[in-house]
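# Residue-level structural notes
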Amino acid sequence: MKRSRMNLLIQHLVSYFLVLLFPLLIILVYYYPHSTAVVKQKEMDWNTHLTEQVRTSMDTFTRYVYNLPFELLKNREIKLYNAEDIDYQRVQIANEMRKYNATDGFVDNTLLYIQSMGYLFAKTGSAYNVGDFGKPGIGYYYKDWPDMFNELNQLKGTLVRPVEDVIIPGSNHVRMLTFALPLPIGGYETPGAVLIMVREDTIIRMLNSMSEMYSGDFFILDGEGRPLLTSNKGSYIPTNEVQSFLTGLDKSGKGAGFYEKGGSSYIISHTVSDKNGWQYVSVLPVTEMLQGIQTIQRNTVLLIGMMLLLEILVIYVAIRRNYQPIKRIVDFASNLFEPGGRKPMNEFEMIRFALGELVSVNSSLDARVKQTMPVLRDHLLLELVSGKAGNDEAFMRQAAAYGIAFPHEAVAVAVLSIESPKSDEGTECRAAEYLRALEAAQPIGGTGYFLKSIYSHEMIYVCSYEAGFAMKQFLADTGKELEEQTGAKVYIGIGTSSKPDRAEAIHIAYLQAVRATEHLQLRGGSPVIVFDELEAPKSGSVSYYAELLQSLELAILKNDTGAVRSITDRIVSQMSSAGMPPHMVRSVYINTVSALLNGLQRFSPEDDVLLRLTDTAYQFRYTVDQMADIIRDSCERLCLMIQNTLPPVRNASQDEVTRFIEQRGLHPDFSLQLIADHFAMSPSNFSHHFKKTMGQNFKEYIDLFRIQTSIQLLRTTNQTLDGVAQQTGFSNTSSFIRCFKKIVGTTPGQYRETHKLIS
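Residue numbers restart at each chain and count upward from 1, following the sequence in its written direction. Note on the predicted model: pLDDT of at least 70 is required for a residue's local features to be given, and 80 or more for side-chain atom pairs to be given and counted; whole-chain, interface and lining totals, by contrast, use all residues. Side-chain numbers here rest on the full set of heavy atoms in the structure, without hydrogens or water.

## So, the overall build of the protein
The criterion, for reference: A helix here means a DSSP run of H or I that spans at least four residues, while a strand means a run of E at least two residues long, and both kinds are numbered starting from the N terminus. Accessibility here uses a 1.4 Å probe with only protein chains present; expressed as a share of the type maximum, an area under 20% marks a residue as buried, one over 50% as exposed, and anything in between as partly exposed. Working rule for contacts: check all heavy atoms of both residues, and any pair within 4.5 Å makes them a contact. With residues, only the protein chains shown are counted as cover, and all accessible areas are computed by Shrake-Rupley using a 1.4 Å probe.
Within the protein, the regular secondary structure consists of 25 helices and 17 strands. Within the protein, the proportion of its 759 residues that are buried is 43%. Once local pairs closer than 6 in sequence are excluded, the contacts in the protein between residues at least 24 apart make up 62%. As displayed, the protein offers around 41100 Å² of accessible surface, 54% of which is attributable to carbon and sulfur atoms.

In structure tokens, the structure reads:
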């Protein structure tokens, strides 16, 4: 026995050791040789992606720079070719330049140089003559650009000067990236030029904001390879070395590679803009990353070795301590289950044999016990009414073991909804006990069974009956008795079916009973109703209601209280019509209340009364009259809030603002500044006035207006997403998709697939 015991211990020890060693060998053999290369590749891909992000951001920011000369030429008030060197003309041009004061923080200043006048006009409204402009402290002094005006007078194309030191008004030194563009670009006999200045620290902040984990340097070069900007003046790789490295990369303008310098490794990623030919280069050191990986590898090997030693010790001790209990179990099993003529078995085979015998005994015992459990009977009947019982013969064979039988040909199902004023488990239990006791006292000619529904407040009655059986009267009397015993209101819907297969007939009858019960809960009337007594629903109401709901949302958006009240009354009237089925009534109610509550949320997002109203509105069971009262109350609250929050204004009425937005809101150049100028107000004053008048801020309103217009285009046209974005005033397709998903909840493509009206 001692030898057998040792063999068992050794077998366990070797098996557990192999189970632990196999995954560790996979890690050591596969992971470690490949981890460094995988990490390098992932880092290179991440650096390339980050470089492309920088290029995209710079293309977006410089778009304004290249579009400005065209905008200035279109301005008839500036009169570039007929500008006269008089005070009135200079004041008029300075005022016009104020309108080009870009709202984003990328451009530091914009200067319009008119050669015939000898003046430069800033976007801030300042004007400098040629003599004063080059004086430090008065104008913008470029000490490394002494022949500035000679170059501007002869300028034929776009000139970009690398970052250099500029003394701005006030004698402050600022490093600037300067764009010089003739008017027009590429033209002859140009009347002047445009100087656009961008601060170096502005671009560097944008580069650093791309990723908090980025620790490298960015280089920006123009199309001819001249350096324009470096994010770190003390860069560890000179610009000329970066340029020489780029010649070996992909000729298409994109690529990445490793660069060795002074025993250190760097990842260099390169991409070229297709807008202006600028080159963007990212240099990222990888030495620290690889050292960290090697340290983790060494530490992991040590930890794995320690874990193996500890696991071997624990397994050995555990097997030795547990062997005696295992031996006692084996001896007990041998005495309890001793099969005749069995072959000799080891410890594990004996335990497996004993467990198999226990499972067999337990299964036979469970089979006998379950046949006496009523809950199994209810479960079987619930599968029957739910349509999961299979065919009639199979169900009858299974149901016979539980005392279930349907001796009559006709079948029916009733749903008894016990509507207690508040949730009370005692009421539900008393109702279930009464109905189960009633099974033994059913009238002659009917055989049925009561069971609990999946809803705690409902009971189901399944029966077969002979001709002449007064089922409706029997259930009506049962309902009255239940109301007296429980104090709850009882609604009973009955469904019958003429299907030849009894199992399928009971399922159809159950669906009819559910519909009949819902009708009673919403409409009231007689406490008992048969599905065949219901009126046929009217058609064509869905599209009519959809138009009403769309009109209601538009009226709420425009803060038109008269239209909101009128449309709400029409919806309530439509919902209360006798021909609308219960499921459609509930859908009308939910969508209408949601629209009204969303309107209230705009004006009072933190109102406790609104939270309580929302909780009350979405309770599951209401009658039609109760639903109508909730809709009317929510409508009145919204209208009063609109009237109290939006007093009449003297400067610009709501209709005037709405009309102007409908006329110009879809133009790409539409902005807060434009509409404020139209009504002779400052942007800040108009923004405050707009919020008081319209009930929401300017940007949210414009975004919603444009998205609603795009929805109509997506549903009724085959335009591309680019076309829809341009037609609705978005600067690009990406911003259109982002705004659409934020407001609607899906992308424009997904919305078109599910809501398109034309083929």
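There is more to say, and it comes next.
## Here we look at the confidence of the model for the protein
Let me state the cut-off plainly: On a scale of 0 to 100, pLDDT captures the predictor's confidence in every residue.
For the protein, the mean per-residue pLDDT works out to 77, and 76% of the residues sit at or above 70. This model gives residues 1–5 a pLDDT under 50, and the stretch forms six contacts once residues within four places in sequence are excluded.

## As for helix 12 (residues 471–486)
Put simply, the rule is: By this rule, a helix spans an expected 1.5 Å times one less than how many residues it contains.
In this model helix 12 runs 22 Å from its N-terminal to its C-terminal C-alpha over 16 residues, within 8% of the 22 Å that 1.5 Å per residue would give. Along helix 12, the residues that are buried comprise M471, F474, L475, A476, T478, G479, L482 and T486. Residue G487 follows helix 12 closely and has a positive phi angle near 75 degrees.

## A closer look at the sheet that holds strand 14 (residues 446–452)
The condition that has to hold: Whether two strands pair comes down to DSSP finding at least two bridges between them. Axis angles are defined between N-to-C directions and span 0 to 180 degrees, where every axis is a line fitted to C-alpha atoms and, for a helix, only to the segment in contact.
A sheet is described by the order of its strands in space; here five strands give the open sequence 14-15-13-16-17, paired in mixed fashion. Strands with a single pairing partner mark the edges of an open sheet, and in this sheet they are strand 14 and strand 17 (528–530). Going from strand to strand, the sheet's axes swing by 20 degrees on average, the running direction of each strand aside. The pairing of strand 16 (residues 489–497) with strand 17 spans three bridges and is parallel.

## Brief notes about the side chain of T51
Topologically, T51 is positioned in helix 1 (residues 2–74). A relative accessible area of 1% means that T51 is categorised as buried. Residue contacts for T51: discarding those within four places in its chain leaves F218, S269, T271, Y280, V281 and S282.

## Re the environment of Q521
In this fold, Q521 is placed in helix 13 (residues 502–523). Separated by 61 residues in the primary sequence, Q521 and P582 have C-alpha atoms spaced 8.9 Å apart.

## What about the packing of aromatic side chains?
Note the following rule: Stacked, tilted and edge-to-face are the three classes assigned to paired rings of Phe, Tyr and Trp, where Trp is represented by its six-membered ring and a pair needs centres within 6.5 Å; plane angles under 30 degrees give stacked, over 60 edge-to-face, the rest tilted. Sitting over a ring, as applied to charges here, requires NZ of Lys or CZ of Arg to be within 6 Å of the ring centre and within 35 degrees of the ring normal.
Counted according to the given criterion, the structure contains 25 aromatic pairs. Ring geometry for Y66 and F179: centres 6.3 Å apart, planes at 85 degrees, overall edge-to-face. Here Y66, found in helix 1, pairs with F179, found in strand 6 (residues 172–183); they are 113 residues apart in sequence, far enough to count as distant. An aromatic cluster of three or more residues is present, and its members are F660, F670, F679, F686, F690, F698 and Y701. One cation-aromatic arrangement involves R706 over F730; the distance from NZ or CZ to the ring centre is 5.9 Å.

## Section: the state of the cysteines
As a reminder of what qualifies: Any two cysteine sulfur atoms within 2.5 Å of one another count as a disulfide.
In total, this model carries zero disulfides according to the counting rule given. Not engaged in a disulfide, the cysteine C635 finds its nearest cysteine sulfur in C639; these two sulfurs lie 4.1 Å apart. Using a relative accessible area of 4% as the deciding quantity, one classes C635 as buried. What makes C639 buried here is its relative accessible area of 0%.

## Describing the sheet that holds strand 11 (residues 264–272)
The five strands lie next to each other as 9-8-12-11-10, forming an open sheet whose pairing is antiparallel. Both edges of this open sheet fall to strand 9 (227–230) and strand 10 (255–261), since each of them pairs with a single strand only. Strand-to-strand twist across the sheet, computed as the mean angle between neighbouring axes with direction ignored, equals 20 degrees. Where strand 11 meets strand 12 (residues 279–285), seven bridges bridge the pair, whose relative direction is antiparallel. Bridge pairing links I268 to V283 in strand 12.

## Thoughts on the side chain of T568
Mapped onto the secondary structure, T568 falls in helix 15 (residues 561–575). Among residues more than four places away in sequence, those in contact with T568 are L552, L596, I631 and C635.

## Notes on the nonpolar core
Rules: Put simply, buried Ala, Val, Leu, Ile, Met, Phe, Trp, Tyr and Cys residues joined by side-chain atoms within 4.5 Å make one nonpolar core.
M58, L112, F179, I203 and W278 are the most contacted members of the largest nonpolar core, which totals 43 residues. By residue number, the principal contributor to this core is helix 1, which donates seven residues. Among the nonpolar cores identified, the runner-up in size contains 31 residues, and L548, L549, A595 and I642 belong to it.

## Quick look at the environment of S269
Just so we agree on the cut-off: A 3.5 Å cut-off defines polar contacts: any pair of N or O atoms within that distance qualifies, except that in protein one atom must be a possible hydrogen donor and the other a possible acceptor, and neighbouring residues in sequence count only when both atoms are side-chain atoms.
Mapped onto the elements, S269 comes out in strand 11. Relative accessible area serves as the criterion here: at 0%, S269 is assigned to the buried category. The spacing of S269 and G255 is 14 residues in sequence and 5.9 Å in space, taken between C-alpha atoms. Contact partners of S269, with chain neighbours within four places excluded, come to M44, N47, T48, T51, G255, A256, Y280, V281 and S282. Separated by 3.3 Å, the side chains of S269 and T48 make a polar contact.

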